[in-house]
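If you want the building blocks of each chain, they are given just below.
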Amino acid sequence: MSNKLRVLLTGGCGYIGSHTAVELMRAGHEVVIADSLVNSCASVLPRIEELGGEKPVFYNIDVCDPVKLDELFSNERIDAVIHFAGLKCVPESVSMPLLYYRNNLDSTMNLLERMRDHGVKYVVFSSSATVYGEQDVMPLKEDMPTGACTNPYGMTKHMSEVIIRDAAKADPTLGAVLLRYFNPIGADESGRIGEDPLGIPNNLLPYVAQFATGRREKLFVNGNDYPTRDGTCVRDFIHVTDLALAHVKALDYIVGKAGCEVFNIGTGNGYSVLEVIAAFSRACGKVLKFEFAPRRAGDIPTCYADPSKAERLLGWKAERGLEKMCEDTWRWQSNNPMGYEK
Ligand code: UD1
């Protein structure tokens, strides 16, 4: 492991941010969190402390606010930043594109400017497999073309990648890692932290988990006529703890280096929606009855990673399988049926 680092996590109260905070602390690093709490909850903080063993320093600020972010960098020694903060709801981004472009691009640029002003040299960015758009060939590799995204949310990830890459080109002392996440699911195996979306979940796993507790009445499978083995979409689901550990490895990799490197963070295996529902049924011990519904606009049939670059250069590989992802999701959901607030 590299030296003990003091790491700023923007969006550190969110689903992936909170799991990464815990894994950073378990690896011996210190964590500072900046989060506006628009889509997360401060009651995750004592649970991060409980699991990570230390209280994270917390700033309830919007990363788009240049004055408040500047104050944070003036007050805190920061060795590296992991930039999670952002809006991430695909249909909302289609109906409110300007909100998404303003928020997700302002936050990235503001962060890079404040890092520059305060001499912070390392950044890891939460990107997404969505930057690949629709590709004819699977698995997806990092050098495939990107930017033909199907929605504004995806475009903000692509454009943030471009901004960070150009910033690293212009500053020969800046080190950046872009992590393209596939489909993160699961929860810390303690069941103390997990995904807690506002309102009706858009994504498959949180919806299935809430359906299993009885919080949602019906479960719909969107599309059963895709060109896949059972007609439903295939995705590369990855355990959020494996994903969190990829961030720890990304910091180990980039600290002391310059330039910009991009990695797929997936397992390399695709599972269909029906396979996921079957695995979740086994995990929760209930038969989950579903209905087929029309395709969801913008869904691609199949998406999975070639994660070999991350294994080669970061020494990282996903270790937790689909059963474990479902068991851990269920432990979190059944212990916290209404999420953090209740
Ligand atoms: C979406 C986003 C992706 C984002 C990811 C995690 C797109 C097109 N997708 O991925 O950018 O990073 O969420 O936030 O940009 N499904 C059902 N029933 C449901 C819910 C989902 O059948 O109730 C199906 C969907 O149609 C899809 C699959 O489950 O086939 C996975 O959906 P989801 O969990 O939303 O992930 P993605 O669309 O792959």
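A short tour of the structure in this document, coming up. (Residues numbered from 1 in each chain as written. Predicted model: local features only at pLDDT ≥ 70, side-chain atom pairs only at ≥ 80, totals over all residues. Heavy atoms only, no water.)

1. Quick notes on the nonpolar core
Here is the rule: Nonpolar cores were defined as sets of buried Ala, Val, Leu, Ile, Met, Phe, Trp, Tyr and Cys residues, with membership established by side-chain atoms within 4.5 Å. Only protein chains enter the accessibility calculation, which uses a 1.4 Å probe. A residue is then buried if its area is under 20% of the maximum for its type, exposed if over 50%, and partly exposed in between. Helix and strand definitions here come from DSSP, where helices need a minimum of 4 consecutive H or I residues and strands a minimum of 2 consecutive E residues; each element is numbered from the N-terminal end. In this description, contact between two residues means that some pair of their heavy atoms is separated by no more than 4.5 Å.
Counting 44 residues, the largest nonpolar core has Leu-9 and Ile-265 as the members making the most contacts within it. Ranked by residues supplied to this core, first place goes to helix α8 (residues 240-254) with 8 residues. When residues no more than four places from it in sequence are discounted, the contact partners of Ile-265 are Leu-179, Arg-180, Tyr-181, Phe-182, Ile-238, Leu-243, Ala-246, Ala-310 and Trp-316.

2. Topic: the packing of aromatic side chains
How we decide: Stacked, tilted and edge-to-face are the three classes applied to pairs of Phe, Tyr and Trp rings, where Trp contributes its six-membered ring and a pair requires centres within 6.5 Å; stacked means planes under 30 degrees apart, edge-to-face means over 60, and tilted covers the rest. For a Lys NZ or an Arg CZ to count as sitting over a ring, it must be within 6 Å of the ring centre and within 35 degrees of the ring normal.
By the definition in use, this model includes 4 aromatic pairs. Ring geometry for Trp-332 versus Tyr-340: centroids 4.9 Å apart, planes at 50°, classification tilted. The ring of Tyr-226 is capped by Arg-295, whose NZ or CZ atom sits 4.0 Å from the centre of that ring. If you follow Lys-309 out to its NZ or CZ, it ends over the ring of Phe-263, 5.0 Å from the centre.

3. Considerations on helix α5 (residues 97-117)
Spacing of three or four residues puts side chains on the same side of an α-helix, whose turn is 3.6 residues. Which entries qualify depends on this criterion: Under the convention used throughout, the expected extent of a helix is 1.5 Å for every residue step, that is, one less than its residue count.
The terminal C-alpha atoms of α5 lie 30 Å apart, and with 21 residues this matches the ideal 30 Å at 1.5 Å per residue to within 8%. Those residues of α5 that sit buried are Tyr-100, Asn-103, Asn-104, Leu-105, Ser-107, Thr-108, Asn-110, Leu-111, Leu-112, Arg-114 and Met-115. At its buried positions, α5 is contacted by β1 (6-10), α3 (66-75), β4 (80-83), α4 (90-95), β5 (122-128) and α6 (152-170).

4. Side note on the site of the ligand
The criterion, for reference: Residues are classed as near a molecule or strand on a simple rule: at least one heavy atom within 4 Å of it. For this analysis, a polar contact is any N or O atom pair within 3.5 Å, provided that within protein one partner can donate a hydrogen and the other can accept it, and provided that sequence-adjacent residues contribute only side-chain to side-chain pairs. Computed by Shrake-Rupley with a 1.4 Å probe, the accessible areas treat only the displayed protein chains as cover when residues are assessed. Charged residues are taken to be Asp, Glu, Lys and Arg, nonpolar residues to be Ala, Val, Leu, Ile, Met, Phe, Trp, Tyr, Cys and Pro, and polar residues to be all remaining types, Gly included.
In the region of the ligand, 18 residues are neighbours, and Leu-204, Phe-220, Arg-235, Arg-296 and Asp-299 sit closest. Between the ligand and Ser-128 there is a distance of 3.4 Å, counted from an oxygen atom to a side-chain nitrogen or oxygen. A distance of 3.0 Å separates an oxygen atom of the ligand from a polar side-chain atom of Asn-183. Taking 750 Å² as the accessible area of the ligand by itself, protein coverage stands at 88%. The set of elements that each furnish at least two residues to the shell around the ligand consists of α7 (204-213) and β8 (220-222). Here the shell around the ligand gets 3 residues from one element, more than from any other, and that element is β8. Of the residues belonging to the shell around the ligand, the class tally is 8 nonpolar, 7 polar and 3 charged.

5. A closer look at helix α11 (residues 322-335)
The end-to-end C-alpha distance of α11, which contains 14 residues, comes to 20 Å, matching closely the 20 Å that a straight helix rising 1.5 Å per residue would cover. Of the residues making up α11, those classed as buried are Leu-322, Met-325, Cys-326, Asp-328, Thr-329, Trp-330, Trp-332 and Gln-333.

6. Comments concerning the sheet that holds strand β12 (residues 271-272)
The cut-off we apply is this: The criterion for strand pairing is that DSSP finds at least two bridges linking the strands in question.
Taken together, 3 strands build an open sheet; the order of strands is β12-β9-β14 and the sheet is mixed. Strands with a single pairing partner mark the edges of an open sheet, and in this sheet they are β12 and β14 (302-303). Pairing of strand β9 (residues 234-235) with β14 involves 2 bridges; the strand directions are parallel. By the bridge assignment for β14, Arg-235 is matched with Cys-303.

7. Looking at the side chain of His-83
Mapped onto the elements, His-83 comes out in strand β4. The exposure class assigned to His-83 is buried, which follows from its relative accessible area of 2%. For His-83, the side chain forms a polar contact with the side chain of Thr-10, separated by 2.7 Å. Non-local contacts of His-83, meaning those with residues more than four positions away in its chain, are made with Thr-10, Ser-107, Thr-108, Leu-111, Val-124, Phe-125 and Ser-126.

8. Some thoughts on the environment of Arg-26
Relative to the helices and strands, Arg-26 resides in helix α1 (residues 15-26). The spatial distance from the C-alpha of Arg-26 to the C-alpha of Gly-53 is 7.9 Å, given a sequence separation of 27 residues. Every residue in contact with Arg-26, bar those within four places of it in the chain, is listed here: Leu-51 and Asp-188. Side-chain polar atoms of Arg-26 contact the side chain of Glu-23, separated by 2.9 Å.

9. Concerning the sheet that holds β1
The test is simple: For helices, the fitted axis covers only the stretch in contact; all axes are lines through C-alpha atoms, and the angles between them, taken along N-to-C directions, range from 0 to 180 degrees.
Across the sheet, which stays open at both edges, the 7 strands sit in the order β3-β2-β1-β4-β5-β6-β11 with parallel pairing between neighbours. The open sheet terminates on both sides in strands that have one partner only, identified here as β3 (57-59) and β11 (259-265). Sheet twist, expressed as the average angle between the axes of neighbouring strands with direction ignored, equals 20°. In the sheet, β1 pairs with β4 via 4 bridges, with the strands oriented parallel. Paired with Val-7 across the strands is Ala-80, a residue of β4. Lying over the sheet, α6 contacts β5, β6 (175-181) and β11, oriented at roughly 155° with respect to β5.

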